[in-house]
Amino acid sequence: KTAYEIGVRLVGSEMCIRDRLDSSWNNVMLYIIGLTLSLTAFWLLMSGIYTPLILFLGFISVVFVLYLTRRMDALDEDVFEFKLKRKHFSYWSWLAKEIFKANIDVSKVILSPKMNLSPRLVRVPLSQSNELATVIYANSITLTPGTVSVDIEGDEIIVHALTQELMDGLTEGDMDQRVNYLEKS
């Protein structure tokens, strides 16, 4: 299975993770209002242009996303129970640092006159015990420049790496251990 096929509603880095909602009308309305406010705030922050036409297009976009969310029945069903904890922020800051370091390594490879590329496919063992942790691990590998999670077969991820050094950083198991720590509640 690929990371995109693991769960019916779990789709790669576009996975929908939210707290459990019971099906009462008040909670659904609260979710719709929260989604509307967050989408509107995101639109306003990202656009930076506040002309009537742009504001109207933003309104149409928010309404369209709400329509799609309702049509997919994403308002009524639980996908994964997820509660944001301090260790998640710790992991994200560690991952950002690793992405930054990998960007520098890939830049050195690309900008060097020799271009010391040694592309390879390697099977990396999975030690995660649930689908969410597996997807977090696979997506973290893909987010790190120079490595891409190609496929998940059984208890292994097939990873493409640009150089041996990038692969060595992955096979050391630091990322795997950190995702396993996230997995524990």
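Everything discussed here concerns the structure shown above.
Caption draft 1: Spatial organisation of the overall build of the chain. In terms of helices and strands, the chain carries six helices and three strands. Mapped from its N terminus to its C terminus, the chain presents α and β elements in the order α-α-α-β-α-β-β-α-α. Every one of the 185 residues in the chain was classed for burial, and the buried ones make up 30%. Long-range pairs, those at least 24 residues apart, make up 70% of the contacts in the chain between residues at least 6 apart in sequence. Looking at the chain as shown, the accessible area adds up to about 12,100 Å², and 63% of this sits on carbon and sulfur atoms.

Caption draft 2: Representation of the pattern of salt bridges within the structure. Considering all chains together, one arrives at five salt bridges under this definition. A salt bridge links Lys101 to Glu98; its shortest N-O distance comes to 3.1 Å. Remark: Glu98 and Lys101 occur in helix H3 (residues 86-111); sequence separation between them is three residues, near one turn of the helix. The partly exposed category is assigned to Lys101, whose relative accessible area is 40%. Owing to a relative accessible area of 18%, Glu98 belongs among the buried residues under this scheme.

Caption draft 3: Spatial organisation of the nonpolar core. Core analysis: the biggest nonpolar cluster contains 18 residues, and Tyr91, Tyr137, Ile141, Ile157, Val159, Leu170 and Met175 have the highest contact counts within it. A total of four residues in this core trace back to one element, the largest contributor, which is helix H4 (residues 131-143). In contact with Tyr91, other than residues within four places in its own chain, are Ile136, Ser140, Met175, Arg178, Val179 and Leu182.

Caption draft 4: Geometry of the packing of H3 against H4. With their axes 10 Å apart at the nearest point, H3 and H4 run at an angle of 30° to one another. As the angle between them shows, H3 and H4 are arranged roughly parallel. Packed against H3, whose contacting residues are Tyr91, Leu95 and Ile99, the element H4 presents Ile136, Ser140 and Leu143 at the interface. Among the residues making up the contact of H3 with H4, the classes are represented as five nonpolar, one polar and no charged.

Each value, and the rule that gives it
Residues numbered from 1 in each chain as written. Predicted model: local features only at pLDDT ≥ 70, side-chain atom pairs only at ≥ 80, totals over all residues. Heavy atoms only, no water. Helix = DSSP H or I, 4+ residues; strand = E, 2+ residues; numbered from the N terminus. Buried < 20%, exposed > 50% of the residue type's maximum accessible area, 1.4 Å probe, protein only. Contact = heavy atoms within 4.5 Å. Areas by Shrake-Rupley, 256 points an atom, 1.4 Å probe, with all protein chains shown as cover. Salt bridge = Lys/Arg side-chain N within 4 Å of Asp/Glu carboxyl O. Core = buried A, V, L, I, M, F, W, Y, C linked by side-chain atoms within 4.5 Å. Axes fitted to C-alpha atoms, helices over the stretch in contact; angles between N-to-C directions. Parallel < 35°, antiparallel > 145°, perpendicular 65-115°, else oblique. Nonpolar A, V, L, I, M, F, W, Y, C, P; charged D, E, K, R; others polar.

Geometry only, nothing functional implied.
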